[in-house]
Amino acid sequence: MASETFKVAVLPGDGIGPEVMAEALKVLDAIEKKYDVQFERRHANVGGAGIDLEGKALPQTTIDICKAADAILFGSVGGPKWESLPPDEQPERGALLPLRKIFGLFCNLRPAIIFPALTGSSTLKESVIEGGFNLLVVRELTGGIYFAEPKGIETVDGVRRGFDTMLYTEPEIERITRVAFDIARKRASKVCSIDKANVLSTSVLWRQVVERVAKEYPDVALSHMYVDNAAMQLVRWPKQFDVLLCGNMFGDIISDEAAMLTGSLGMLPSASLAEGSFGMYEPSGGSAPDIAGQGIANPIAQILSASMMLRYSFGMQQAADAVDAAVEKVLDQGYRTGDIYQGTSGETRVNTVEMGDAIVAAL
Ligand SMILES: NC(=O)C1=CN([C@@H]2O[C@H](COP(=O)(O)OP(=O)(O)OC[C@H]3O[C@@H](n4cnc5c(N)ncnc54)[C@H](O)[C@@H]3O)[C@@H](O)[C@H]2O)C=CC1
Ligand SMILES: CC(C)CC(=O)C(=O)O
Ligand SMILES: [Mg+2]
């Protein structure tokens, strides 16, 4: 009998979600064997799978399973099949955003680290990334334009118009700013806050609050950058960044860009954290309908998300380090899924399952 048991709600979702989730679960099996721990897993439908099997993107049974769990391991949701449904019934707005809200997952951590073996897979010149970079997007996840009301599409004077509301409260900004500064202290002690304060009122407030909170962290260097410049600076010279503090939408966009610097969106994990130890762990990318069903997706983002779950929700630093090291080892050994394959000597092209097997073997 294992000395410790953690309950994990497993929500594979749509597209490549189930394919990459299967590999992350194999890694958890291996961790159970290696450490004195048991992961009690309950699977639940979410997104398109929820709609198809239970009539709703986020069925109540799924919410209940998540509530009973210590953490959620999430795949991804969405796809063309469900895009013509009313927006609030679609997988993204009907399941993913509500899950983030219901569980208070206000803090999304997206670490973009270039593995030495993958410098050739980045689209950036080697001279820009040599020596590596290690940046962390700290994204506010339950506020901003993705959530605020009113939003909708209406007809006024015979003209259809769509509208959203961008809104941030001072406490919301303060809370995520503290997370960013606390984390920066354990890293290179630099926070770059990303906004659009030359245009948006939410950003003007964002900047004021960030500056006020920063006074409590004199040991952390704060800079501000407009989001358009930040998007450019990320590809110009990513090494200048340590922690990037972003609102919901800017963090969404900037983190996809940061992912590609590391070689592929399929490499970037994420942790969506609540106050306390509860979290949902999900790849930064989506359901990748263009490659779904072919067994070729890169499972590393999902596996590293499981590693973040071990680290942040279960306090299993050693096991998380072991998973991260196993990923690095297989990359050093030359294993590559199609998205990170360069065709150079020393590389072995593998499919999703083979990559998962290699990582388990390296553990
Ligand atoms: N967290 C979630 O569940 C998210 C869901 N989505 C949804 O996913 C669907 C597709 O959205 P897209 O904009 O196409 O973004 P996407 O992230 O699914 O795909 C963008 C590109 O990255 C590639 N890619 C992503 N993950 C990969 C992996 N693990 N291995 C290899 N290649 C990978 C895809 O093949 C595609 O070419 C949409 O319905 C969207 O709303 C998008 C982002 C996040
Ligand atoms: C539904 C979207 C907000 C999902 C997404 O693109 C993300 O969280 O990165
Ligand atoms: Mg995104």
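Residues numbered from 1 in each chain as written. Chains lettered and ligands numbered in written order. Predicted model: local features only at pLDDT ≥ 70, side-chain atom pairs only at ≥ 80, totals over all residues.

- Looking at an unreviewed UniProt entry, one finds the protein chain named 3-isopropylmalate dehydrogenase, with Desulfuromonas thiophila as its source organism.
- As its UniProt record puts it under Subcellular location (unreviewed entry), the protein chain is described as follows: "Cytoplasm".
- Recorded in UniProt under Pathway (unreviewed entry), the annotation for the protein chain is "Amino-acid biosynthesis; L-leucine biosynthesis; L-leucine from 3-methyl-2-oxobutanoate: step 3/4." (UniProt positions renumbered as here; feature names shortened; annotations may be inferred.)

1. Observations regarding the nonpolar core
- If you look at the biggest cluster of nonpolar residues, it comprises 112 residues, and the most contacted ones within it are V138 and L244.
- At 9 residues, helix α10 (residues 300–312) tops the list of elements feeding residues into this core.
- Counting contributing residues, this core receives three or more from each of domain 1 (1–115 + 263–363) and domain 2 (123–261).
- Those residues in contact with V138 that lie beyond four places of it in its chain are C107, L109, I176, V179, A180, I183, V243, L244, L245 and C246. (Core = buried A, V, L, I, M, F, W, Y, C linked by C-beta atoms within 7 Å. Buried ≥ 20, exposed ≤ 12 C-beta atoms within 10 Å, placed from the backbone. Helix = DSSP H or I, 4+ residues; strand = E, 2+ residues; numbered from the N terminus. Domains from an automatic or database assignment. Contact = placed C-beta atoms within 7 Å.)

2. Observations concerning the pairing of strand β2 (residues 37–43)
- In this sheet, β2 lies alongside strand β1 (residues 4–13) in parallel orientation, the contact comprising 7 bridges. Among the inter-strand pairings, E4 is bridged to a residue of β2, identified as V37.
- Each parallel crossover has a hand, and for β1 linked through helix α1 (residues 17–34) to β2 it is right-handed. (Pairing = 2+ DSSP bridges. Right-handed = clockwise from strand over helix to strand, strands pointing away.)

3. Focus on the packing of helix α8 (residues 227–236) against helix α9 (residues 248–261)
- The N-to-C vectors of α8 and α9 enclose an angle of 10°; their axes lie 10 Å apart at closest approach. As the angle between them shows, α8 and α9 are arranged roughly parallel. Contacts from V227, A230, A231 and L234 in α8 reach F250, I254, E257, A258 and L261 in α9.
- For the contact of α8 with α9, the class distribution of residues is 8 nonpolar, no polar and 1 charged. (Axes fitted to C-alpha atoms, helices over the stretch in contact; angles between N-to-C directions. Parallel < 35°, antiparallel > 145°, perpendicular 65-115°, else oblique. Nonpolar A, V, L, I, M, F, W, Y, C, P; charged D, E, K, R; others polar.)

4. Focus: the domain arrangement of the protein chain
- According to the domain assignment, the protein chain consists of domain 1 (1–115 + 263–363) and domain 2 (123–261).
- On a C-alpha basis, the centroid separation for the pair domain 1 and domain 2 is 24 Å.
- In this complex, domain 1 contributes 20 residues to the contact, which on the side of domain 2 involves 24 residues.
- Of all the elements in the fold, those that place two or more residues in the side of domain 1 that touches domain 2 are α4 (91–102) and β4 (107–113).
- Per element, the largest residue contribution to the side of domain 1 that touches domain 2 is 7 residues, and it comes from β4.

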